[in-house]
Amino acid sequence: MNDAETLRCDVAVIGAGTAGLAAERAARSNGASTLLIDPAFDGTTCATVGCMPSKLLIAAAKARHAVDLADTFGIRVGDVRIDGTAVLERVRHERDRFAESTRKSIANIPKSIRITSKARFAAPDRLLLDDGRTIAARAIVIATGSRPVMPGPFAALGDLALTNENVFELKKLPGRLAVVGSGAIGLELAQAFARLGVKVALFDKADRMAKLRCPRVHAALQEIIERDVDLHLGVEVTPHKQGDQVRIGWTGASEGDALFDHVLVAVGRPPMLDGLNIENAGLELDDKGVPCHDRATMRCGDSSVFIAGDVAADLPLLHEASHEGAIAGRNAAAWPAPVRIDRYVPFSITFTDPPVVSIGEAEEDGAISGTTDFTDQGRARVEARNEGALTLYAAAPDGVLIGADLVAPAGEHLGHLLAWAIQQKMTATQLLKMPFYHPTMEEGLKTALRTVCGATPIALPANHDSGSPSGA
Ligand SMILES: Cc1cc2nc3c(=O)[nH]c(=O)nc-3n(C[C@H](O)[C@H](O)[C@H](O)COP(=O)(O)OP(=O)(O)OC[C@H]3O[C@@H](n4cnc5c(N)ncnc54)[C@H](O)[C@@H]3O)c2cc1C
Ligand SMILES: NC(=O)c1ccc[n+]([C@@H]2O[C@H](COP(=O)([O-])OP(=O)(O)OC[C@H]3O[C@@H](n4cnc5c(N)ncnc54)[C@H](O)[C@@H]3O)[C@@H](O)[C@H]2O)c1
């Protein structure tokens, strides 16, 4: 198969993260010979510095919040002490378990397929490895992920500036933490650290958090976040090192300055194209430098190069990375015959408490909206979790659901129901013909669905009660 310097395969995959692993699996199971290249094979961003450690920290914050909530029910808890060292040790311990289990599954890939190195393009069908070898491949999948941005003034702070890559390595909880960026990472971690007793200030240059589209839902989120966090939207921040602390000054919609023990920089994760010599791949690039590609095949132009995961800079989410990997791997194996694969409805959950969810479209010609206010929703009130709002979007004239924005208790579950209904192109009327158990958070959907029907000539389902049980 090989001469001394050149390895040959049908499909070479650059990057062994979630997308690359899925691409290699799909290519191999479709009969291609494969090579998977990664400098570390250390167990994916998701398991090591992404989804899993962040959700572990959030789980600790949830336990702390449950103690606070107990009082509402007449359950008096004595003095609460947060052992920050133990909190962070559990995060790392469980995180390491997830990463180890991912590494074990990577180790099951035949050794001859795993190439421990960095790869860069020499030509559209040829890669150079750091160890001097070359790979000649019929098709290549780029799955190199993304990396955190660290603007210069923050980089100058040295160890005081954190990103998702080292924040979970803290040995103790900081006293005061500045979080810059109120996207998914900033929001999740700002609220979690605050609920663990850290004094947190959250800054964003934009005036919308988590790219939420509906102003009503955004207002509800703002009220929720401000209960735990000192929030400053629409500001420019300037950091300076002061002794072993950081002084953050901010101007814009509000002005001030304050001292922090650390600053968490969460201002986005651009695609990881550094060092790939992408110019040698002969691809058309968009204005972010990302190869232009077809979402149904993940093929870049009419080349034999495919792209998947965060590096595609489309929907940098885990389920999309794994789906795009499968699409790219399948198509790379089938190259040049394209296999067009349907994509999921866009769906993101930010795991704040309550969670923030955005699905599908927000506005379309003739869009109708329906809303629910969770501040007085029955089951939410029973649980003392009555906060948040939901906006559903539907297309006229028949009320086909096209999208939703929400921040609501049980939001991750409501979000799944809605995403599945929206992907199936169901109408508000069809959803209302299905059972809603009482008393549940799901009954909150009924209110929004009925408003969608009420806003149009769409009929409420015949022979179904149009009233509400107590508290729904
Ligand atoms: C803090 C945080 C929390 C998150 N939480 C969630 C969540 O709750 N839910 C969710 O859906 N998503 C979440 N995400 C997003 C999710 O983690 C990513 O979308 C996903 O991990 C991307 O997978 P990937 O395969 O594209 O990239 P990665 O897993 O980063 O894999 C890229 C691989 O490419 C390798 N590589 C890079 N350059 C080269 C090269 N030149 N040669 C060879 N190999 C190379 C790297 O070593 C790496 O192994 C979170 C992200 C972060 C940062
Ligand atoms: N639950 C989840 O699914 C989850 C959780 C965490 C991360 N992620 C993924 O990771 C990606 C990266 O997350 P992220 O939060 O870093 O990025 P992001 O793009 O979601 O948010 C970045 C935020 O930083 C702000 N910002 C940019 N430059 C700034 C500056 N100089 N000063 C102040 N604010 C600034 C932006 O306005 C934006 O609100 C997300 O896009 C998401 O796909 C997903």
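Residues numbered from 1 in each chain as written. Chains lettered and ligands numbered in written order. Predicted model: local features only at pLDDT ≥ 70, side-chain atom pairs only at ≥ 80, totals over all residues. Heavy atoms only, no water.

Caption draft 1: Structural detail: the site of ligand 2. I185, E188, D204, P316 and I349 are the nearest of the 22 residues found near ligand 2. E188 places a polar side-chain atom, nitrogen or oxygen, 2.7 Å from a nitrogen atom of ligand 2. Within the complex, 78% of the 850 Å² of free accessible area of ligand 2 lies under protein. Elements with a minimum of two residues in the shell around ligand 2: α6 (184–195) and β18 (347–350). Broken down by element, the residue count for the shell around ligand 2 peaks at four residues, all from α6. In the shell around ligand 2, the residues fall into ten nonpolar, six polar and six charged. (Near = heavy atom within 4 Å. Polar contact = N/O pair within 3.5 Å; in protein donor to acceptor, adjacent residues only side chain to side chain. Areas by Shrake-Rupley, 256 points an atom, 1.4 Å probe, with all protein chains shown as cover. Helix = DSSP H or I, 4+ residues; strand = E, 2+ residues; numbered from the N terminus. Nonpolar A, V, L, I, M, F, W, Y, C, P; charged D, E, K, R; others polar.)

Caption draft 2: Broad picture of the layout of surface pockets. Put simply, the second largest pocket is a space of about 440 Å³. As for the second largest pocket, its lining consists of 22 residues, and the residues nearest its centre are K62, T352, D353, P355 and E412. Residue assignment for the lining of the second largest pocket shows that the elements contributing at least two residues are α3 (51–70), α6 and α10 (411–423). In terms of residue class, the lining of the second largest pocket is made up of nine nonpolar, four polar and nine charged. (1 Å grid on protein atoms, 1.4 Å probe; cavity = no way out; pocket = protein on both sides within 12 Å on 5 of 7 lines; lining within 4 Å. Points joined across faces, edges and corners; volume = space filled by probe spheres on them.)

Caption draft 3: Region of interest: the sheet that holds β18. Strands sit in the order β18-β19-β22-β21-β20 across an open sheet of five strands; the sheet is antiparallel. In this open sheet, the two strands that pair with only one neighbour each are β18 and β20 (367–373). Averaged over neighbouring strand pairs, the angle between their axes works out to 15 degrees when direction is ignored. When strand β21 (residues 389–395) meets strand β22 (residues 400–407), the two strands line up antiparallel, connected through seven bridges. Residue pairing across strands places A395 opposite V400, the latter belonging to β22. Along the sheet face, α10 touches β18, β19 (356–360), β21 and β22 and points at about 165 degrees away from the line of β22. Its contacts with the sheet put helix α12 (residues 443–454) on β20, β21 and β22, and the angle it makes with β20 is roughly 150 degrees. (Pairing = 2+ DSSP bridges. Axes fitted to C-alpha atoms, helices over the stretch in contact; angles between N-to-C directions. Contact = heavy atoms within 4.5 Å.)

Caption draft 4: Looking closely at the nonpolar core. Ranked by size, the top nonpolar core spans 50 residues in total, and within it F121, L127, I135 and V141 carry the most contacts. Contributing elements (two or more residues each) for this core: β1 (6–14), α1 (18–29), β2 (34–38), β4 (119–123), β5 (126–129), β6 (134–142), β17 (305–307) and α8 (318–334). With 44 residues, the next largest nonpolar core counts V200, A220, I402 and V407 among its residues. (Core = buried A, V, L, I, M, F, W, Y, C linked by side-chain atoms within 4.5 Å. Buried < 20%, exposed > 50% of the residue type's maximum accessible area, 1.4 Å probe, protein only.)

Caption draft 5: Representation of the site of ligand 1 within the structure. Surrounding ligand 1, one finds 34 residues, the nearest of these being A19, D38, T45, K55 and D310. Within the side chain of D38, an N or O atom sits 2.6 Å from an oxygen atom of ligand 1. Contact distances for ligand 1 include 3.0 Å between a nitrogen atom and a backbone N or O atom of A119. For ligand 1, the protein covers 89% of the area, taking 1000 Å² as the surface of the free molecule. If you list the elements that add at least two residues to the shell around ligand 1, you get α1, β2, α2 (45–49), α3 and α8. Here the shell around ligand 1 is composed, by residue class, of 17 nonpolar, twelve polar and five charged.

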